[in-house]
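Breakdown of the fold
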Amino acid sequence: MSGGGGGSREEERRKLADIINHWNANRLDLFEISDPTEDLEFHGVMRFYFQDKAAGNFATKCIRVSSTATTQDVIETLAEKFRPDMRMLSSPKYSLYEVHVSGEERRLDVDEKPLVVQLNWNKDDREGRFVLKNENDTLPPK
């Protein structure tokens, strides 16, 4: 994949660093994203919400996520954090959604990178949050 493109990778890193700086300028320190490494990898703390249908509320957790972490990686970490006691009893199918202020929702593919998705909100000037949902948990319409 990596060709001898000369400064192109450095250029990419600079561009990425600019986007990250812009993101950080509008965020609490807790949610700051690190400068990209030479491999264009970066880390940040992300907040995730979990819709607990049974309890009828939202739980929230912040975890440190790498730009290389896939949706699947994040879901596994979150499932352990949110419902460690439940994991053995059933095998819920979790999905991660990005939910925007506009009410628009999108389910992330398992191989997408949530931290990268979040960073791209900046470009589109969007605000949103990530919600972990148990697909088996959807209540039948009354």
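Residues numbered from 1 in each chain as written. Predicted model: local features only at pLDDT ≥ 70, side-chain atom pairs only at ≥ 80, totals over all residues. Heavy atoms only, no water.

Moving on to the packing of aromatic side chains. Applying the stated criterion to the full structure yields 4 aromatic pairs. Judged by centre distance (6.4 Å) and plane angle (85°), the rings of Tyr49 and Phe58 are edge-to-face. Residue classification places Phe58 among the partly exposed residues on the basis of a relative accessible area of 40%. Seen from their ring centres, Phe50 and Tyr94 are 5.9 Å apart, and the 70° between their planes marks the pair as edge-to-face. With Phe50 in strand S1 (residues 43–52) and Tyr94 in strand S3 (residues 94–100), this pair connects stretches of sequence that are 44 residues apart. When sorted by exposure, Phe50 lands in the same class as Tyr94, which is buried. Connected via pairs of aromatic rings, a cluster forms that spans Phe48, Trp121 and Phe130. (Phe/Tyr/Trp six-rings, centres within 6.5 Å; stacked < 30°, edge-to-face > 60°. Buried < 20%, exposed > 50% of the residue type's maximum accessible area, 1.4 Å probe, protein only. Helix = DSSP H or I, 4+ residues; strand = E, 2+ residues; numbered from the N terminus.)

Let us now look at the pattern of salt bridges. Oppositely charged side chains can form a pair if their charged atoms are brought close together. A complete count under the given rule lists 5 salt bridges for this structure. Between Glu127 and Arg27 there is a salt bridge, and its shortest N-O distance comes to 2.8 Å. With Glu127 in the loop between helix H3 (114–123) and strand S5 (128–134) and Arg27 in the loop between helix H1 (8–25) and S1, the pair connects residues that are 100 residues apart, well separated along the chain. Residue classification places Glu127 among the partly exposed residues on the basis of a relative accessible area of 40%. On the accessibility criterion, Arg27 (18% relative accessible area) is buried. (Salt bridge = Lys/Arg side-chain N within 4 Å of Asp/Glu carboxyl O.)

So, about the packing of H1 against H3. Taken N-terminus to C-terminus, the directions of H1 and H3 make an angle of 80°; their axes are 10 Å apart at the nearest point. The pairing of H1 with H3 is recorded here as roughly perpendicular in orientation. When H1 is examined against H3, the residues Leu16, Ile19, Ile20, His22 and Trp23 are found in contact with a partner set consisting of Gln118, Leu119 and Asn122. In the contact of H1 with H3, the residues fall into 5 nonpolar, 3 polar and no charged. (Axes fitted to C-alpha atoms, helices over the stretch in contact; angles between N-to-C directions. Parallel < 35°, antiparallel > 145°, perpendicular 65-115°, else oblique. Contact = heavy atoms within 4.5 Å. Nonpolar A, V, L, I, M, F, W, Y, C, P; charged D, E, K, R; others polar.)

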